[in-house]
Amino acid sequence: MEPRLQSLYEEIGGDKIEELVNAFYPRVYADPNISPLFEGDINIIMEKQRKFLTQFLGGPALYSMEYGPPAMRYRHLPFKITPSRANSWLRCMKEAFDEVGLSDHPAGEMFFSRLTQVAGIMVNSEEDD
């Protein structure tokens, strides 16, 4: 019998992704460095994030089915994403990971590492002087 490889999505599960999104966005909206980047209906933003993370972790392609290919860097080009904003985003995500127990989850380290890579890719502006 061959070992079965699980996706990060299968290891973490949709319920935990939902918990993460619910823990993450209050932090984002409370952070003066990144809250200006999140305009519009918070419920829609949270739903998009949930669908993106599901797909990002190897689950169903919910984001692509509704919005097309993620192309996250391209989609975020209209927003000024500086290194400090990427770091603020990661800090909020790390705090949310801690809150929902993903920091201690066997797949949590790999998940956060992948998000760290994404945050770096999203930077499209230098810091203001």
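Predicted, not measured: the structure shown is a model, and the values here were computed from it. (Residues numbered from 1 in each chain as written. Predicted model: local features only at pLDDT ≥ 70, side-chain atom pairs only at ≥ 80, totals over all residues. Heavy atoms only, no water.)

Colleague: Help me out: how do you make sense of the overall build of the chain in this one?
Modeller: On a plain count of helices and strands, the chain comes out with seven helices and zero strands. Its helices and strands in sequence order give the chain the pattern α-α-α-α-α-α-α, from N to C terminus. Whereas a compact globule of 129 residues would reach a radius of gyration of roughly 14 Å, the chain reaches 15 Å, a difference of no more than 12%. In terms of principal-axis extent, the alpha carbons of the chain reach across some 60 × 30 × 25 Å. At a minimum sequence separation of 6, the contacts of the chain that also span at least 24 residues come to 68%. Carbon and sulfur atoms form 55% of the exposed surface of the chain, whose accessible area is close to 7,600 Å². For the chain, the centre of its 13 positive side-chain charges and the centre of its 20 negative side-chain charges are spaced 4 Å apart. (Helix = DSSP H or I, 4+ residues; strand = E, 2+ residues; numbered from the N terminus. Rg over C-alpha atoms; globule rule 2.2 N^0.38 Å. Contact = heavy atoms within 4.5 Å. Areas by Shrake-Rupley, 256 points an atom, 1.4 Å probe, with all protein chains shown as cover. Lys, Arg positive; Asp, Glu negative; His and termini not counted. Charge placed at Lys NZ, Arg CZ, Asp CG, Glu CD.)

Colleague: For this particular structure, what's the right way to read the packing of aromatic side chains?
Modeller: Aromatic ring pairs are described here by two measures, namely the spacing of the ring centres and the angle between the planes. A complete count under the given rule lists 10 aromatic pairs for this structure. Between Phe52 and Phe56, the aromatic rings sit 5.3 Å apart at their centres with planes inclined by 25°, giving stacked as the arrangement. Taken as a pair, Phe52 and Phe56 lie in helix α3 (residues 42-56) at a separation of four residues, close to a single helical turn. A relative accessible area of 11% places Phe52 in the buried class. (Phe/Tyr/Trp six-rings, centres within 6.5 Å; stacked < 30°, edge-to-face > 60°. Buried < 20%, exposed > 50% of the residue type's maximum accessible area, 1.4 Å probe, protein only.)

Colleague: Before we go on, may I ask you to explain the layout of surface pockets in this structure?
Modeller: To find leftover empty space, one rolls a probe the size of a water molecule over the atoms. Its boundaries defined by the atoms lining it, the largest pocket holds a volume of some 730 Å³. Along the wall of the largest pocket there are 25 residues; nearest its centre are Tyr25, Phe38, Ile45, Met72 and His76. Counting residues per element, the ones that place at least two in the lining of the largest pocket are α3, α5 (72-75), α6 (83-100) and α7 (108-122). Considered class by class, the residues forming the lining of the largest pocket number 19 nonpolar, two polar and four charged. (1 Å grid on protein atoms, 1.4 Å probe; cavity = no way out; pocket = protein on both sides within 12 Å on 5 of 7 lines; lining within 4 Å. Points joined across faces, edges and corners; volume = space filled by probe spheres on them. Nonpolar A, V, L, I, M, F, W, Y, C, P; charged D, E, K, R; others polar.)

Colleague: What exactly am I supposed to notice about the nonpolar core here?
Modeller: A general feature of soluble globular proteins is that nonpolar side chains tend to end up buried together. Formed by 37 residues in total, the largest nonpolar core has its most connected members in Leu20, Leu53, Trp89 and Phe111. Elements with a minimum of two residues in this core: α1 (8-12), α2 (14-30), α3, α6 and α7. If one sorts the elements of this core by residue count, α6 sits on top with eight residues. Those residues in contact with Phe111 that sit more than four places away from it in its chain are Leu8, Ile12, Leu20, Leu53, Phe56, Leu57, Phe97 and Leu102. (Core = buried A, V, L, I, M, F, W, Y, C linked by side-chain atoms within 4.5 Å.)

Colleague: Help me understand the packing of α6 against α7, please; the structure alone is not making it clear to me.
Modeller: The description of two helices packed together rests on the angle between their axes and the distance between the axes. One can describe the packing of α6 onto α7 by two numbers: an axis separation of 10 Å at closest approach and a directional angle of 165°. It follows that α6 is roughly antiparallel to α7 by the angle criterion. When you trace α6 past α7, the crossing you get is right-handed. In this structure, α6 contributes Ala86, Trp89, Leu90, Met93, Lys94 and Phe97 to the contact, and α7 contributes Gly108, Phe111, Phe112, Leu115, Thr116 and Ala119. Its residues placed into classes, the contact of α6 with α7 shows nine nonpolar, two polar and one charged. (Axes fitted to C-alpha atoms, helices over the stretch in contact; angles between N-to-C directions. Parallel < 35°, antiparallel > 145°, perpendicular 65-115°, else oblique. Left-handed = near helix turned anticlockwise from the far one by under 90°.)

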